[in-house]
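Spelled out from the first residue to the last, the chains are:
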Amino acid sequence: MNEIQKRVAELTKILNDANYNYYVLDNPTISDQEYDKYLRELINIEKEHPEYADPNSPTNRVGGEVIDKFNKIVHERPMLSLANVFNEEEIKDFANKIKKEGFAPEYVCEYKIDGLSVALIYENGSLVRGVTRGDGVTGEDITHNVKTIKSIPLTLKEKIDIEVRGEIFMNKSTLEKLNKERAAQGLPLLQNVRNAAAGSIRQLDSKVTAKRELDNFIYYLPNPEDFNITTHMEALEFMKNLGFKVNPANRLVKDVNGILKFIAEITEKRAKLPYEIDGVVIKVNDIAMQEKLGYTAKYPKWATAYKFPATEVLTKLTDIIFTVGRTGRVTPNAVLEPAIVMGSTIRRATLHNEDYVLSKGLKIGDIVSIRKAGDVIPEVVDAKIERRTGAEKPFVMIKECPMCHTKLVKLDNQADYYCLNPECPKRNIESIIHYVSRDAMNIEGLGNEIVEELYNLGFVKNITDLYSLKDKKKAIMEFDGYGEKSLNKIIDNIENSKNNSLERLLYGLGIKEIGTKTAKLLASHFGSMASLMAASQEDLESIRDIGSITAQSIVAYFAHNQNLIEQLKEIGINMTYKGKIAGTNELVTAKKFVITGTISGFSRKEIKEKLESFSAKVSDSVSKNTDIVIVGANPGSKYQDALNLGITIWDEEKTLEVLNNLQ
Ligand code: IVH
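As the structure is a computational prediction, the values presented were derived from the model and not from experiment. (Residues numbered from 1 in each chain as written. Predicted model: local features only at pLDDT ≥ 70, side-chain atom pairs only at ≥ 80, totals over all residues. Heavy atoms only, no water.)

This part takes up the packing of aromatic side chains. This model, assessed by the stated rule, comprises 16 aromatic pairs. Relative to Tyr275, the ring of Tyr111 has its centre 6.4 Å away and its plane inclined at 50 degrees; by these criteria the two rings are tilted. Of this pair, Tyr111 sits in strand E3 (residues 107-113) while Tyr275 is found in the loop between helix H9 (256-269) and strand E10 (277-284), placing the two residues 164 residues apart along the sequence. No difference in accessibility class separates Tyr111 from Tyr275, as the two residues are buried. (Phe/Tyr/Trp six-rings, centres within 6.5 Å; stacked < 30°, edge-to-face > 60°. Helix = DSSP H or I, 4+ residues; strand = E, 2+ residues; numbered from the N terminus. Buried < 20%, exposed > 50% of the residue type's maximum accessible area, 1.4 Å probe, protein only.)

Structure representation (structure tokens):
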């Protein structure tokens, strides 16, 4: 080693130690000025002697590497998610299930950090790759950005090969600071810490990420057996000793009471934490026990996430309005004074039906508490009766359709009211909107408002009218907002949609009980509209996954709509299935499969699709109903399950032989 190399090594050590002490241990050992001085010295040496610049030099912390796209990386072991529990009862259920398997584990309780998960791969103690979770199987390479996160070590205290996993997040104060800057620059504000962290890590230019001051906690070691580690607590300690930032709040508890105590404590302290958490993760401590408990396709069975109840916000219920759907169902909707709940603005919330509103005792003008159910759909929780002024107005369910004034009816004593007028303009508009929607005929350019306007102007009264829109171009252009160019585009899209495969049309017709999946099944089974229309109730029921209600609905629909189908056919709309027709194979058709391990030459998705195209069912877990378990290389616990239950097993050779014969 020459003098320059020695100095590089010295500076690297000083800077790495300083980073570690400051960002991981929260215990600064040198001043910012000193740090900057050493950093500048190292930057200068690297500039003059690029041959001595290590790819993991601490100078990377400021960013600089720019990539042109995110490369996809297949995780060596899938990155699983966690099942959720929402209350004490469900926590007890989780523990009871484990007890039933014959275990009485200790648990580790951890904060559920609100960020995004990352896999970090080190070779010979050096960070070589950082990968997002992606879909769990394949993630994106974010190495250049991960290197800018100062609490992630670039080199470990031991020169080992290891993968660890954890959460990248943004501290609350960082988001606040960032949003102040963005507001000053007139940029849109980042809605919450999770979006901010995810957006910051998905940057091509690592300089941008570096400025976002992201942080991390490491909470999972996928290969503990490689290091003779037998408990999760040991794994956490081991990772901490390597230089990773491990949350000091993690706690080993003896039983469910310990879990509940941990949750009660953190519920109190949560608001004061510098980072956002959305729950508590509960993990079985003993790793041998974890392995025995095993995994579903998505979750480990040895861990779960307790989610805090969604945060609620108070606002005013200014009105209750009614909407009519395609089927005629009338739904009351809350009109709310706009309020921000967990980062997004809520103005409306469905109130489902009359019974729902009455059970909540809502009055118009009430102060109500709202939240996002499952963190997504806005929901009115309850009315704050103590805040009533006397000016509130009672809710009255309408008796007539708000659009066509037909008397509303309840069907089979269900809670919902329906407008059964087939000529109801609102129903017709909604039917057309459904027909052109993305999963149906996918006619771009025809947004909801345009459909409604074209309907009200008399240009499109039903779906067949769409196809004569081209003859009404001039007349439409007389109205405001319709340029020739945009109209031509819409007309082109309508014309092109005539070539869609049958399942899109089937779904678009809005036949009761026919969602996208059933539409695909019917299209691939019958191949054409004519043979579907010729099918009897019995024929339909003999198809896997078609029950008698669906079969009845299909038969009834075609009995009443032959004219419409005839017209669509004359217009030139394709009535055949353009995908592959489902084949049959006695070894595969109607059999229930489970796949574990890898089969050379086929991805799991390809095997699944191939089997399904021969009407087999592929599920995620082995049960006594499973017919065949495909066992490839490196199988998981499903192999053992298959052996235990005595289920037929196909090895790679057998599987390949069958798959190659399926055509
Ligand atoms: S453990 C196999 N521990 O929560 C174990 N996950 O809802 C995998 N998360 O995808 C995860 N804090 O992104 C674990 N202390 C923690 C966590 C945590 C946050 C995230 C993680 C995971 C998601 C599941």
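Take the pattern of salt bridges next. According to the stated counting rule, one finds 29 salt bridges in the structure shown. The partner of Asp416 in a salt bridge is Arg329, and the shortest N-O contact between them spans 3.8 Å. Of this pair, Asp416 sits in the loop between strand E19 (409-410) and strand E20 (417-418) while Arg329 is found in strand E13 (residues 329-341), placing the two residues 87 residues apart along the sequence. Overall, Arg329 belongs to the partly exposed group, its relative accessible area being 38%. In this structure, Lys426 engages Glu430 in a salt bridge whose closest nitrogen and oxygen atoms are separated by 3.6 Å. (Salt bridge = Lys/Arg side-chain N within 4 Å of Asp/Glu carboxyl O.)

This part is about the pairing of strand E7 (residues 162-169). Counting buried residues in E7 gives eight out of eight residues, a clear majority hidden from the surface. Relative to E7, strand E4 (residues 116-123) is paired through seven bridges, and the arrangement is antiparallel. From the neighbouring strand, Tyr122 faces E7, where its bridge partner is Ile162. Summarising the sheet, E7 and strand E8 (residues 215-220) pair through five bridges and their orientation is antiparallel. (Pairing = 2+ DSSP bridges.)

Before going further, it helps to examine a nonpolar patch on the surface. Residues Tyr639, Leu643 and Ile649 make up a contiguous nonpolar surface patch of about 230 Å² in total accessible area. Take Ile649: its relative accessible area is 31%, and that puts it in the partly exposed class. (Patch = residues over 30% accessible without salt bridge, like charges linked within 9 Å, V, L, I, M, F, W, Y side chains within 5 Å. Areas by Shrake-Rupley, 256 points an atom, 1.4 Å probe, with all protein chains shown as cover.)

Attention now goes to empty space enclosed by the protein. This model, assessed by the stated rule, comprises two cavities of 30 Å³ or more. Here the largest cavity defines a volume of roughly 60 Å³. In terms of lining residues, the largest cavity is bounded by Glu110, Tyr111, Ile113, Phe217, Ile218, Tyr219, Asn247 and Asn250. For the lining of the largest cavity, the secondary structure elements donating two or more residues are E3 and E8. In the lining of the largest cavity, the residues fall into five nonpolar, two polar and one charged. What the second largest cavity holds in volume is close to 40 Å³. Lining of the second largest cavity is provided by Tyr220, Leu221, Pro224, His232, Ala235, Ile287 and Gln290. (1 Å grid on protein atoms, 1.4 Å probe; cavity = no way out; pocket = protein on both sides within 12 Å on 5 of 7 lines; lining within 4 Å. Points joined across faces, edges and corners; volume = space filled by probe spheres on them. Nonpolar A, V, L, I, M, F, W, Y, C, P; charged D, E, K, R; others polar.)

The phi torsion of most residues other than glycine is negative, and most of the peptide bonds are trans. Notably, Asp26 is not glycine yet its phi reads approximately 60 degrees, a positive angle. Relative to the assigned elements, Asp26 resides in the loop between helix H1 (3-24) and helix H2 (32-48). A positive phi angle, close to 50 degrees, is found at Glu213, a residue other than glycine. In this structure, Glu213 sits in the loop between helix H7 (206-211) and E8.

Turning our attention to the site of the ligand. With respect to spatial proximity, 14 residues lie near the ligand, and among them Glu110, Ile113, Glu167, Tyr219 and Lys283 are the closest. Contacts to the ligand include Ile113, whose backbone N or O atom sits 3.0 Å from a nitrogen atom. Contact distances for the ligand include 3.3 Å between an oxygen atom and a side-chain N or O atom of Ser117. At the level of elements, E3 and E10 are the ones that each hand at least two residues to the shell around the ligand. Looking at the shell around the ligand, the element that brings in the most residues is E3, giving four residues. Taken together, the residues of the shell around the ligand break down into eight nonpolar, two polar and four charged. (Near = heavy atom within 4 Å. Polar contact = N/O pair within 3.5 Å; in protein donor to acceptor, adjacent residues only side chain to side chain.)

Quick look at the packing of H1 against H2 now. Two elements in contact, H1 and H2, have axes separated by 10 Å at closest approach and are oriented at 145 degrees. Pair H1 / H2 crosses with left-handed handedness. Residue-level inspection shows Ile4, Arg7, Val8, Leu11, Thr12, Ile14, Leu15, Ala18 and Asn19 of H1 in contact with H2, the latter providing Tyr35, Tyr38, Leu39, Glu41, Leu42 and Ile45. Looking at side-chain class alone, the contact of H1 with H2 contains eleven nonpolar, two polar and two charged residues. (Axes fitted to C-alpha atoms, helices over the stretch in contact; angles between N-to-C directions. Left-handed = near helix turned anticlockwise from the far one by under 90°. Contact = heavy atoms within 4.5 Å.)

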